[in-house]
Amino acid sequence: MDFALTEEQVAIFDMARAFGEEHVAPNAADWDNAGTIPKELWPKLAELGFGGLYVSEESGGTGLGRLDATLVFEALSMSCASVAAFLSIHNMCAKMIDSFGSDALKERFLPGALSMETVFSYCLTEPGSGSDAAALKTKAEATANGYTLTGTKAFISGGGYSDAYIVMARTGGDGAKGISALVIEDGAQGLSYGGLEAKMGWKSQPTRQVQMDGVNLPAENLLGEEGKGFSYAMAGLDGGRLNISACSLGAAQAALDATLHYMSERKAFGQTIDQFQALQFRLADMEIELQAARTFLRQAAWKLDTGAPDATKYCAMAKKFVTEAGSRVADQCLQLHGGYGYLADYGIEKIVRDLRVHQILEGTNEIMRMIVARQMIGNK
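Residues numbered from 1 in each chain as written. Predicted model: local features only at pLDDT ≥ 70, side-chain atom pairs only at ≥ 80, totals over all residues. Heavy atoms only, no water.

Draft legend 1. The overall build of the chain, seen in detail. Counting its secondary structure elements, the chain contains twelve helices and ten strands. Taken against the 2.2 N^0.38 rule, which gives 21 Å for 380 residues, the C-alpha radius of gyration of the chain at 21 Å falls within 12% of a compact globule. C-alpha extents for the chain along the principal axes are approximately 80 × 50 × 40 Å. Each of the 380 residues in the chain was classed as buried or not, and the buried ones make up 53%. Excluding contacts between residues fewer than 6 apart, the proportion of contacts in the chain whose partners are at least 24 apart in sequence is 73%. About 16700 Å² of surface is accessible on the chain, with carbon and sulfur atoms providing 52% of the total. (Helix = DSSP H or I, 4+ residues; strand = E, 2+ residues; numbered from the N terminus. Rg over C-alpha atoms; globule rule 2.2 N^0.38 Å. Buried < 20%, exposed > 50% of the residue type's maximum accessible area, 1.4 Å probe, protein only. Contact = heavy atoms within 4.5 Å. Areas by Shrake-Rupley, 256 points an atom, 1.4 Å probe, with all protein chains shown as cover.)

Rendered as structure tokens:
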């Protein structure tokens, strides 16, 4: 078994890391305070091929595998997990359009998505349906020319900021088979947004409700087939779970790197604090945990890339393990910084805030346990 990255994969990681260090890290705190990410950042990322990481090369995308993509998100998250996670959401939408959209829909939306002149958001969650996503109530009623949408989506990253939205709505009966996916462009009549949510972390991502009150859409804005929307949404979740795990991993690694530097300079009782054995043990424990998380994540990504039958189980296990490991490490890094870790100037408290939500989104870690247990029981 070969655990080494290829030269191409190392180059992908290094390219994303260098971009983050130049364009993201110096601004991350300011964007966090401002509550937004300047839109001019996205076309710069798109120039590197990051607007369509796993969109097929035939469609103009980069055509990376899921393991390759995790390297991008790990590297970018070393500068800011919030920025990297938002890029993951856009890429999930671009992949859905490439995989399931008609030729006409792809022709309309893919070029803008790939250049990131059109930033996409993903609208599944509703105020009354979180983990039970198939219980969504947003309706898309058929009309002579297409559909009329009515309903509210909650916790939408990019709500009121993005240029287009992939919305899951009910075109049929109850349950998953009654759900379809449609594309709505910003500015559509009847489309509005709730107030800006005040959040613990991911503050640079504007988060609002997306509200639809009789939004009329042409039939060609249907993504794929009627009744297949929920399956399309779920198809992207394994990869999304890997991406958010990679974001936890990269940010936690950045926190550990910063902590090593801090401890090499901070003195107490006549020596730098990295010379105290008790603190060295804590450093070692964090390094062990992050290396275990990295290996687990890359194994799960390899399984997804190779179509392994247990790929979904491994993606769920990796998501649970890596996101929790990342938060534990970041919290320990804050502790080792002492009072300085609690100050925004050192950047550790932002990492702690940003990583906490990773245990909730892309399926809560409780749902990850359910997926794993059900596959275990089903394979008896």
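Draft legend 2. Broad picture of the pairing of strand E5 (residues 179-185). Taken across its seven residues, E5 has six buried, putting it largely inside the fold. The sheet contact formed by strand E4 (residues 164-170) and E5 spans seven bridges and is antiparallel. The residue of E5 that forms the bridge with Ala 164 is Glu 185. As paired elements, E5 and strand E8 (residues 222-223) share two bridges and run antiparallel to each other. Each bridged residue has a counterpart across the sheet, and for Leu 182 the counterpart in E8 is Leu 222. (Pairing = 2+ DSSP bridges.)

Draft legend 3. Structural context of the pattern of salt bridges. Going through the model one piece at a time under the given rule, you end up with 15 salt bridges. Here Glu 126 ties to Lys 153 by a salt bridge, and the two come within 2.9 Å at their closest N and O atoms. Taken together, the positions of Glu 126 in the loop between strand E1 (120-123) and strand E2 (139-142) and Lys 153 in strand E3 (residues 146-157) put the pair 27 residues apart, joining distant regions of the chain. Lys 153 gets classed as buried once you look at its relative accessible area, which sits at 0%. (Salt bridge = Lys/Arg side-chain N within 4 Å of Asp/Glu carboxyl O.)

Draft legend 4. Region of interest: helix H11 (residues 348-356). Counting buried positions along H11 gives eight out of nine residues, so the element sits mostly inside the fold. All of the buried residues in H11 are Ile 348, Glu 349, Lys 350, Ile 351, Val 352, Arg 353, Asp 354 and Leu 355. Buried-residue contacts for H11 involve helix H2 (28-34), helix H5 (81-100), helix H8 (237-265) and helix H10 (311-336).

Draft legend 5. Up close: a nonpolar patch on the surface. On the surface, a nonpolar cluster with roughly 280 Å² of combined accessible area is contributed by Tyr 340, Leu 343 and Tyr 346. By secondary structure assignment, the location of Leu 343 is in the loop between H10 and H11. Here Leu 343 falls in the partly exposed class, since its relative accessible area comes to 41%. (Patch = residues over 30% accessible without salt bridge, like charges linked within 9 Å, V, L, I, M, F, W, Y side chains within 5 Å.)

Draft legend 6. Geometry of the nonpolar core. One finds Leu 41, Trp 42, Leu 45, Phe 73, Leu 76, Val 83 and Leu 87 to be the most contacted residues of the largest nonpolar core, which totals 71 residues. No other element matches H8, which puts twelve residues into this core. Sequence-distant contacts of Val 83, defined by excluding residues within four places in its chain, comprise Val 24, Trp 31, Ile 37, Leu 41 and Trp 42. Of all hydrophobic cores here, the second largest spans 28 residues; its members include Leu 105, Phe 109, Leu 110 and Val 183. (Core = buried A, V, L, I, M, F, W, Y, C linked by side-chain atoms within 4.5 Å.)

Draft legend 7. Quick peek at the packing of H10 against helix H12 (residues 365-378). It is at 9 Å that the axes of H10 and H12 come closest, and there the two elements cross at 145 degrees. Between H10 and H12 lies a crossing whose hand is left-handed. Of the residues in H12, those touching H10 at Thr 312, Lys 313, Ala 316, Met 317, Lys 319, Lys 320, Thr 323 and Glu 324 are Asn 365, Met 368, Arg 369, Ile 371, Val 372, Gln 375 and Met 376. Of the residues belonging to the contact of H10 with H12, the class tally is six nonpolar, four polar and five charged. (Axes fitted to C-alpha atoms, helices over the stretch in contact; angles between N-to-C directions. Left-handed = near helix turned anticlockwise from the far one by under 90°. Nonpolar A, V, L, I, M, F, W, Y, C, P; charged D, E, K, R; others polar.)

Draft legend 8. Structural view of helix H4 (residues 66-77). The terminal C-alpha atoms of H4 lie 16 Å apart, and with twelve residues this matches the ideal 16 Å at 1.5 Å per residue to within 8%. Extensive coverage of H4 is indicated by the burial of twelve of its twelve residues. Burial in H4 covers these residues: Arg 66, Leu 67, Asp 68, Ala 69, Thr 70, Leu 71, Val 72, Phe 73, Glu 74, Ala 75, Leu 76 and Ser 77. Turning to H4, the residues buried within the fold contact helix H1 (7-24), helix H3 (41-46), H5, H8 and helix H9 (277-305). (Expected span 1.5 Å × (residues − 1).)

Draft legend 9. Structural view of the environment of Gly 159. Turning to its location among the elements, Gly 159 is positioned in the loop between E3 and E4. Classification of Gly 159 by relative accessible area gives buried; the value is 0%. Here Gly 159 is in contact with Tyr 165, Tyr 193, Pro 206, Arg 208 and Val 210, once residues within four sequence places are set aside.

Draft legend 10. Focus on the pairing of E2. The pairing of E2 with E3 spans four bridges and is classified as antiparallel. Note on E3: the bridge partner recorded for Ala 140 is Leu 149. Two successive antiparallel strands, E2 and E3, enclose a turn made up of three residues.

Draft legend 11. Region of interest: the packing of H4 against H5. Look at H4 against H5: their axes get within 7 Å of each other, and the N-to-C directions meet at 150 degrees. Relative to H5, the element H4 is oriented roughly antiparallel. As for the relative orientation of H4 and H5, their crossing is right-handed in sense. Along its contact with H4, which presents Arg 66, Phe 73, Leu 76 and Ser 77, the element H5 presents Ala 81, Ala 84, Leu 87, Ser 88, Asn 91 and Lys 95. Looking at side-chain class alone, the contact of H4 with H5 contains five nonpolar, three polar and two charged residues. (Parallel < 35°, antiparallel > 145°, perpendicular 65-115°, else oblique.)

Any functional reading would require information that these geometric values do not contain.
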